[in-house]
Amino acid sequence: MREPIVSAHTERAVESRGADRGSAVTVIGLGSMGSALAGAVLEAGYPTTVWNRTAGKAEPLVRRGAARAATVAEAVSASPTVIACVLDYRALREILSTAGDALAGRTVVNLTNGTPTEARETAAWVEGHGARYLDGGIMAVPEMIGGAESLVLYSGSAEAFETVEPVLRRFGSAMYLGADPGLASLHDLALLAGMYALFAGFLHAVALVGTEGVRATEFTSSLLIPWLEAMMTSLPELAAQIDARDYASTESNLAMQAVAVANIIEASEAQGVRAELMEPIQELIERRVARTGGMGGVSALGGGGGG
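These figures come from a predicted structure and were not determined experimentally.

## A few points about the pattern of salt bridges
Thinking step 1. Evaluation of the coordinates by the stated rule reveals six salt bridges.
Thinking step 2. Across the salt bridge formed by Arg68 and Glu59, the nearest N and O atoms sit 3.1 Å from each other.
Thinking step 3. By relative accessible area, which is 40% here, Arg68 ends up partly exposed.
Thinking step 4. By relative accessible area, Glu59 is classed as partly exposed at 29%.
Thinking step 5. When the shortest N-O distance is used, the salt bridge between Arg120 and Asp180 registers 2.9 Å. One end of the pair, Arg120, is in helix α6 (residues 116-128); the other, Asp180, is in the loop between β9 (173-176) and α8 (182-210), with 60 residues separating them in the sequence.
Thinking step 6. Residue class for Arg120 comes out partly exposed when judged on its relative accessible area of 37%.

Following this line, the structure appears as structure tokens:
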């Protein structure tokens, strides 16, 4: 995989409007995220065509200056760059299949959430229709689009990325991960996995202290956030151990941690809190302890080490 290319978000106002106005953009899919994407390119001064199955969703953008296409073929034909953000990859294929020959020569940027396999299959399908393909993963909510904290991951055609990068920078920072179309989806889902696991721990923690009347806001701000911030500093070391496949730990080995997790589950059940959010990590630890006697730290659970 080539080194990521990161383009820092710049001012949303287009510095050279004359040049940018020569590059029209089409946005297909006008849910909350699609509408935010279309709004960002509109605000930047790009001639923007929009299409949505429910035509009425285009009205706010039309009032801001967007052109509403009556058909997908008309929408695709209107611009060299087609940005799609719909429910799933199946919906995307169904929509684009009605464009006919209009796809040829276009660049399709798919910002629909899906799997790496779906991204690779869709890339082959789009390229089979004579278009270039970029897959993307949006690491932001609609309200963040265009702001400094917004990040969008891209993979697929390097030529396509370099060509449409000025448009993509209107959404936030743009990171190109490589030619494999599945890489953006893979990284997107990996980041989301980390987020949801964090949320699971948070929900279990506040439920546990809540059984004794401790307010979630008080516990979170005074104890949980500072504790998690301190623990986050260990992640680079754990990552290095996973890359090196050297899981030795001079601190808490897995045998000790197996006891701690078992105590969390026992205490939770005693307090009337269901422990299903903690049981998967307990299973991983116990499986590793049975194989190795508990030597090594938590990094041994990464990269398949818990199997």
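## Side note on the environment of Val126
Thinking step 1. Mapped onto the elements, Val126 comes out in helix α6.
Thinking step 2. The exposure class assigned to Val126 is buried, which follows from its relative accessible area of 0%.
Thinking step 3. Residues Val126 and Leu103, 23 residues apart in the sequence, show an inter-C-alpha distance of 7.9 Å.
Thinking step 4. Each residue touching Val126, except ones within four places of it in the same chain, is listed here: Val108, Ala131, Arg132 and Tyr133.

## Regarding the packing of aromatic side chains
Thinking step 1. Here the structure, examined in full by the defined rule, presents three aromatic pairs.
Thinking step 2. Relative to Phe161, the ring of Tyr154 lies with its centre 5.8 Å away and its plane at 50°, an arrangement referred to as tilted. The same class applies to Tyr154 and to Phe161, which are both buried.
Thinking step 3. A centroid spacing of 6.3 Å and a plane angle of 85° characterise the contact between Tyr196 and Phe199, whose relative ring orientation is edge-to-face. With a gap of three residues between them, Tyr196 and Phe199 both fall in helix α8, about one helical turn apart.
Thinking step 4. The class for Phe199 is partly exposed, based on a relative accessible area of 40%.

## Focus: the nonpolar core
Among soluble globular proteins, nonpolar side chains are generally buried collectively.
Thinking step 1. Counting 34 residues, the largest nonpolar core has Leu37, Ile83, Leu111, Ile145, Tyr154, Leu168 and Phe171 as its most contacted members.
Thinking step 2. Looking at this core, the element that brings in the most residues is helix α2 (residues 32-43), giving seven residues.
Thinking step 3. In terms of nonpolar packing, the next biggest core, distinct from the first, is built from 24 residues, Val82, Tyr89, Ala99 and Ala119 among them.

## Describing helix α7 (residues 158-168)
Thinking step 1. Every buried residue of α7 is accounted for by Ala160, Phe161, Val164, Glu165, Val167 and Leu168. In a view along the axis of α7, the buried residues occupy a sector of 160°, so they form one face of it. Exposed and facing more than 90 degrees away from the buried side of α7 are Glu159 and Glu162.
Thinking step 2. Residue Ser157 occupies the N-cap position of α7, its side-chain oxygen lying 3.4 Å from the main-chain nitrogen of Glu159.

## As for unusual backbone geometry
Thinking step 1. If you check the backbone angles, Arg245 has positive phi at about 55° while not being a glycine.
Thinking step 2. Tracing the sequence through the fold places Arg245 in the loop between α10 (235-244) and α11 (254-270).

## As for a nonpolar patch on the surface
Thinking step 1. A cluster of nonpolar residues, Tyr196, Leu198, Phe199, Phe202, Leu203, Trp227, Leu228, Met231 and Leu277, forms a patch on the protein surface that exposes about 880 Å² of accessible area.
Thinking step 2. Of all the secondary-structure elements, those providing two or more residues to the nonpolar patch are α8 and α9 (216-232).
Thinking step 3. With five residues, the top contributor of residues to the nonpolar patch is α8.

## A few points about the packing of α8 against α9
When two helices pack together, their arrangement is given by the angle between the helix axes and by the axis-to-axis distance.
Thinking step 1. Where α8 contacts α9, the two axes come as close as 11 Å, and the packing angle between them is 130°. As summarised for this structure, α8 and α9 are arranged oblique, according to the angle between their axes. Between α8 and α9 lies a crossing of right-handed hand. On the side of α8, the interface is formed by Leu198, Phe202, Ala205, Val206 and Val209, while α9 contributes Ala216, Phe219, Thr220, Leu224 and Leu228.
Thinking step 2. Here the residues of the contact of α8 with α9 sort into nine nonpolar, one polar and no charged.

Procedures and definitions
- Residues numbered from 1 in each chain as written.
- Predicted model: local features only at pLDDT ≥ 70, side-chain atom pairs only at ≥ 80, totals over all residues.
- Heavy atoms only, no water.
- Salt bridge = Lys/Arg side-chain N within 4 Å of Asp/Glu carboxyl O.
- Buried < 20%, exposed > 50% of the residue type's maximum accessible area, 1.4 Å probe, protein only.
- Helix = DSSP H or I, 4+ residues; strand = E, 2+ residues; numbered from the N terminus.
- Contact = heavy atoms within 4.5 Å.
- Phe/Tyr/Trp six-rings, centres within 6.5 Å; stacked < 30°, edge-to-face > 60°.
- Core = buried A, V, L, I, M, F, W, Y, C linked by side-chain atoms within 4.5 Å.
- Arc of directions from axis to C-beta.
- Polar contact = N/O pair within 3.5 Å; in protein donor to acceptor, adjacent residues only side chain to side chain.
- Patch = residues over 30% accessible without salt bridge, like charges linked within 9 Å, V, L, I, M, F, W, Y side chains within 5 Å.
- Areas by Shrake-Rupley, 256 points an atom, 1.4 Å probe, with all protein chains shown as cover.
- Axes fitted to C-alpha atoms, helices over the stretch in contact; angles between N-to-C directions.
- Parallel < 35°, antiparallel > 145°, perpendicular 65-115°, else oblique.
- Left-handed = near helix turned anticlockwise from the far one by under 90°.
- Nonpolar A, V, L, I, M, F, W, Y, C, P; charged D, E, K, R; others polar.

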